[in-house]
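# A look at the structure
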Amino acid sequence: MKKKSICFSVEIDENNLPVNIVMNADNNEKKEDPMKALLLSTWSAERKETLRIDLWTKDMQMHDMFILYHQTLSSLANSLERSTGQHKLADAMRDYCEFFAKETKIQS
């Protein structure tokens, strides 16, 4: 079985706050892809819980953060529908995404 790697490097300041986040993947032609934020969720089968890492750099703009959350929530709705067939729940999440977009003024 072939293994692939995705690595994240986080540069921090003297207060341990992220200054720079870089992603490096085996199949990425660019060796380093700079990021402003990282949201990572993994499932621990043994503990039956989600393990998470949420990081963002000091210069991440609030408007961009709203877009990040909107796109993440929208993709989660799509993943939920594909993985479980729960159309009603996915549609409810999409309804919330519309509300979120309007409230944050990232969509009119």
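Residues numbered from 1 in each chain as written. Predicted model: local features only at pLDDT ≥ 70, side-chain atom pairs only at ≥ 80, totals over all residues. Heavy atoms only, no water.

## What to know about the overall build of the chain
Spelled out, the test is: Counting from the N terminus, the helices are DSSP H or I runs at least four residues long and the strands are E runs at least two residues long. In this setup the radius of gyration rests on C-alpha atoms only. A globule is expected at 2.2 Å times the number of residues raised to 0.38. For each residue, the accessible area found with a 1.4 Å probe, counting protein chains only, is set against the maximum for its type, and the residue is called buried under 20%, exposed over 50%, and partly exposed in between. Residues are treated as being in contact if the distance between any of their heavy atoms lies within 4.5 Å. Here Asp and Glu are counted as negative and Lys and Arg as positive; His is not counted, and neither are the chain ends. The atom standing in for a charge is NZ when the residue is Lys, CZ when it is Arg, CG when it is Asp and CD when it is Glu.
Looking only at helices and strands, one finds two helices and five strands in the chain. The N-to-C order of helical and strand elements in the chain reads β-β-β-β-β-α-α. The globule rule puts the C-alpha radius of gyration for 108 residues at 13 Å, and the 17 Å found for the chain is more than 25% above it. Projected onto the principal axes, the alpha-carbon positions of the chain cover approximately 45 × 40 × 30 Å. Taken over 108 residues, the chain has a buried fraction of 18%. Expressed as a percentage of contacts within the chain between residues at least 6 apart in sequence, the contacts between residues at least 24 apart total 27%. Positive and negative side-chain charges in the chain, numbering 15 and 17 respectively, have mean positions lying 6 Å apart.

## Remarks on the packing of aromatic side chains
The following threshold applies: Each Phe, Tyr or Trp ring, with Trp reduced to its six-membered ring, pairs with another whose centre is within 6.5 Å; inter-plane angles below 30 degrees give stacked pairs, above 60 give edge-to-face pairs, and intermediate values give tilted ones.
Tallied over the entire structure, the rule returns three aromatic pairs. Aromatic side chains Phe-66 and Phe-100 sit 6.2 Å apart centroid to centroid with 85 degrees between the ring planes, which places their arrangement in the edge-to-face category. Of this pair, Phe-66 sits in helix H1 (residues 62-84) while Phe-100 sits in helix H2 (residues 87-103), placing them 34 residues apart in sequence. Look at Tyr-96 and Phe-99: their rings are 5.9 Å apart centre to centre, the planes differ by 45 degrees, and that puts the pair in the tilted class. On the criterion of helical spacing, the pair formed by Tyr-96 and Phe-99 is a turn pair, its members being three residues apart in helix H2. For Tyr-96, a relative accessible area of 42% translates into the label partly exposed.

## Some details on H1
Definition in use: Any helix carries an expected span of 1.5 Å times its number of residues minus one.
With 23 residues, H1 extends 32 Å from end C-alpha to end C-alpha; this agrees with the ideal 33 Å at 1.5 Å per step. Lining the buried residues of H1 we find strand E5 (49-56) and H2.

## Focus on the environment of Glu-103
In this fold, Glu-103 is placed in helix H2. Judged by relative accessible area, which is 52%, Glu-103 ranks as exposed. Separated by 38 residues in the primary sequence, Glu-103 and Met-65 have C-alpha atoms spaced 13 Å apart.

## A few points about the side chain of Thr-57
Locating Thr-57 in the fold gives a position in the loop between E5 and H1. Given a relative accessible area of 2%, Thr-57 falls into the buried group. Among all residues touching Thr-57, those that are not within four sequence positions of it are Pro-18, Val-19, Asn-20, Ile-21, Met-35 and Lys-36.

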